[in-house]
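Chain residues, written in single-letter form:
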Protein chains: 2
Amino acid sequence: MDGTGTDKLGAPLPTNPTISDVAQRAGVSRAVASRALSDEQRPVSAEKKARVLQAAQELGFRPNLLARSLTTKSVNLVAVVVNHIHDLSDLDLFDPLLAAVQNTGKQVIFVRVGSSDRVESFLRTGVAYHVDAAIVFSDFADAATVRTLFRSELVLMLNGRHDPESPAVIPDERVGIAEAVAHAAAQGVRTAALVTGRPTSVLEQARIRLYHAALAAHGIRLTASLQGDYSYASGHKAGEELAQAPRPDAIFCTSDAMAMGVLDRLRGDFPGGRATTTRLYGFDNLSLTDFDAYPISSIGFDKQAYVAAVIAVLTGAATGPWPLTLPTRFHPRLTG
Amino acid sequence: MDGTGTDKLGAPLPTNPTISDVAQRAGVSRAVASRALSDEQRPVSAEKKARVLQAAQELGFRPNLLARSLTTKSVNLVAVVVNHIHDLSDLDLFDPLLAAVQNTGKQVIFVRVGSSDRVESFLRTGVAYHVDAAIVFSDFADAATVRTLFRSELVLMLNGRHDPESPAVIPDERVGIAEAVAHAAAQGVRTAALVTGRPTSVLEQARIRLYHAALAAHGIRLTASLQGDYSYASGHKAGEELAQAPRPDAIFCTSDAMAMGVLDRLRGDFPGGRATTTRLYGFDNLSLTDFDAYPISSIGFDKQAYVAAVIAVLTGAATGPWPLTLPTRFHPRLTG
DNA sequence: CTGTTAGCGCATTCAG
DNA sequence: CTGAATGCGCTAACAG
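What this report covers is the structure whose coordinates are included nearby. (Residues numbered from 1 in each chain as written. Chains lettered and ligands numbered in written order. Predicted model: local features only at pLDDT ≥ 70, side-chain atom pairs only at ≥ 80, totals over all residues. Heavy atoms only, no water.)

## Structural notes on the relation of the copies chain A and chain B
In step 1: If you rotate chain A by 180° and push it 0.0 Å along the axis, it lands on chain B with an RMSD of 0.1 Å. The superposition operator between the copies reduces to a two-fold rotation axis. Minimal C-alpha distance to the rotation axis in chain A is attained by Ile109 of chain A, lying at 2.0 Å.
In step 2: Most of the interface of chain A is mirrored in chain B, where 100% of its interface residues again form contacts. (Least-squares fit on C-alpha atoms with pLDDT ≥ 70 in both. Contact = heavy atoms within 4.5 Å.)

In structure tokens:
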């Protein structure tokens, strides 16, 4: 107890008070102080509890939750594992997620995996691996591997690489895609191009299959299939290629950012954002599609519901069977 | 050591091996195991070190860095304190920051303060308060308060509310604003409107003063001053108001998002994004301004340099005097 | 170079 | 209801 400072009576005040300091000041044992300071109801006399609380207050005591975790086996920390956080869709998701997790009394440690090949390097700094739970957006590993990495029972897979044992939440994109394609068909669309993202993602693969099935069901012919990486730039590039050939009646993109790139490259087809010849469909239902310049018809799920589902898993309110699925709907805008 | 599983020889394998398990398996003491597993060079015989490393490998041992921190007093954790992460500018900043911090071998706890009045609620969950350092973007508190909250010596203030004691990095917006206003003046701009963000931020107040000074220096008359909250929606609203009155020659916004809102509302003035009568200037130099639809002239600093400065402070490479300042430059685009 | 001991801050036995 | 003792996983200080 390294004192720097004194209280009103001149007694030394430790700068980093521990529960021992509090106990001493309150004239009780450490155990009593611990019980008094506990969130739960523990046997302490009202009088001593008051003394302890006051002492803690005066000392500015803040329990070292890391030390506490040694005995309780719970750190009140959850890891959020992401590839990166620079997609436009991340803004709509991570902020409410962060708020919701913190509301449960836990804090979030953000683990950015980056390119999957560097995973090894961050394996060494193991702080994250003793968290209470891991929420995995990154598709760097499958459920079994992630479970091994995080010695936690609670590994929540959101990347589609779950197995029957692992809690998982995934959007059910069937309805949304079916609605979008049906909408296109109703507008007389007969040919379409598909602009996709990284093919290594299992979620993306499923999405592509759903598009193929829906297009086939409506007799829409797929004239081109271009691969991007979800980014605006890759959408712009896809638009460039599409501009070379006869335009399809509709362009479906598996991200809104790519649709924005396509839209900008093919502006002539969308005067004022409104579709004339070619119809444009995005994916994610970004809040950015409410901006006037990018009124892109899109497919998306309810972010609040998604976050709520994640929290439910985290708190044990949801118990499977896994995966939990979340309905995805079509949201028409000017381009489609 | 709760065994579930066996190794090749049938010996029980603990699921959550501690250093004791490793030591036992290697046939050495805990201290030797600890030294062998240490990152630094500690006295261990080569032979025993090899045995320990192999045992650790076989057991899948991962040190509990939280327990380690109890004695080393260093958790390898830094807290990043933000109001929220839903501004477009956040995407450009937090991802490289996260990557850079992790590169130093530390992990990041993201603390979202939200509206400042809820600070009390998250005060209780004290996990974050025993971190090695705190990087404070949120303007929820001044340097002295933050220092008290985080018992850390290392509180890096990025919100402008620093004091001489606290390490701080802030953009020097003087040059960028001067350049932008000079650019406008050179185009014959004589009247201007200013669209600002939250006036409670000291950085914002300084920014507004700089605009006033620069405008006055060039004899540009300020015809309107509107207050937004940095968001697209608030910019749209400001554009609405500006549409009611005779247009000023130029509109300066203290965020690109607001400029995007203004631009969309006043599209007629910017056919194809190019300025005709009114010139538009944003702030932040968002990567989004490289999208065709929002070619907004903007003011910003080098994000890489900013992150580098933050890391320099964190690692002790930068030692003051504080604050460190970062030059901000004007980046002309179609609107200005 | 090695092993033993002590202690980080805390919660939890277990006797009183 | 209380307090002394024990241990969580690990490393630092010490003696061999």
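## A word on the side chain of Arg207 of chain A
Residues and elements named next belong to chain A.
In step 1: Of note, Arg207 is situated in helix α9 (residues 202-217).
In step 2: Residue Arg207 is classed as buried on the basis of its relative accessible area of 10%.
In step 3: Engagement of the side chain of Arg207 in a polar contact is seen with the side chain of Glu173, the distance being 2.9 Å.
In step 4: Of the polar contacts made by the side chain of Arg207, one reaches the side chain of Glu204; its length is 2.8 Å. (Helix = DSSP H or I, 4+ residues; strand = E, 2+ residues; numbered from the N terminus. Buried < 20%, exposed > 50% of the residue type's maximum accessible area, 1.4 Å probe, protein only. Polar contact = N/O pair within 3.5 Å; in protein donor to acceptor, adjacent residues only side chain to side chain.)

## Structural notes on the sheet that holds strand β13 (residues 324-331) of chain A
By definition, the strands of a sheet pair up through backbone hydrogen bonds, in either a parallel or an antiparallel sense.
All names here are of chain A.
In step 1: With respect to topology, 3 strands assemble into an open sheet ordered β7-β13-β12, the strand pairing being mixed. Every interior strand has two partners, whereas the edge strands, β7 (169-172) and β12 (298-301), have only one. Direction aside, the axes of adjacent strands within the sheet are offset by 30° on average.
In step 2: Where β7 and β13 come together, 4 bridges link them in parallel fashion. Pairing of Val169 across the sheet is with Leu324, part of β13.
In step 3: Sheet contacts for helix α12 (residues 303-315): β7, β12 and β13; angle to β13, the most-contacted strand, approximately 175°. (Pairing = 2+ DSSP bridges. Axes fitted to C-alpha atoms, helices over the stretch in contact; angles between N-to-C directions.)

## A word on the interface of chain A and chain B
In step 1: Counting residues at the interface gives 57 residues for chain A and 58 residues for chain B.
In step 2: Both faces considered, chain A and chain B share a buried interface measuring about 5000 Å² in area, 60% of it formed by carbon and sulfur atoms.
In step 3: When the buried area of chain A at its contact with chain B is split by residue, Arg62, Leu91 and Arg151 of chain A rank highest and sum to 15% of it.
In step 4: Run the count over chain A and chain B and you get 2 salt bridges.
In step 5: With a closest N to O distance of 2.8 Å, Asp95 of chain A and Arg112 of chain B form a salt bridge.
In step 6: At the junction of chain A with chain B, the criterion picks out 20 residue pairs in polar contact (both at pLDDT 80 or more).
In step 7: At the level of secondary structure, the elements contributing two or more residues to the side of chain A that touches chain B comprise α4 (65-72), α5 (88-103), β4 (107-112), α6 (119-123), α7 (143-149), α10 (232-244) and α11 (256-265) of chain A.
In step 8: Per-element accounting of the side of chain A that touches chain B gives the leading share, 9 residues, to α5 of chain A.
In step 9: Broken down by class, the residue content of the side of chain A that touches chain B amounts to 30 nonpolar, 17 polar and 10 charged.
In step 10: When β4 of chain A meets strand β4 (residues 107-112) of chain B, the two strands line up antiparallel, connected through 3 bridges. Paired with Ile109 of chain A across the bridge in β4 of chain B is Ile109 of chain B. (Buried area = accessible area lost by both parts, 1.4 Å probe. Salt bridge = Lys/Arg side-chain N within 4 Å of Asp/Glu carboxyl O. Nonpolar A, V, L, I, M, F, W, Y, C, P; charged D, E, K, R; others polar.)

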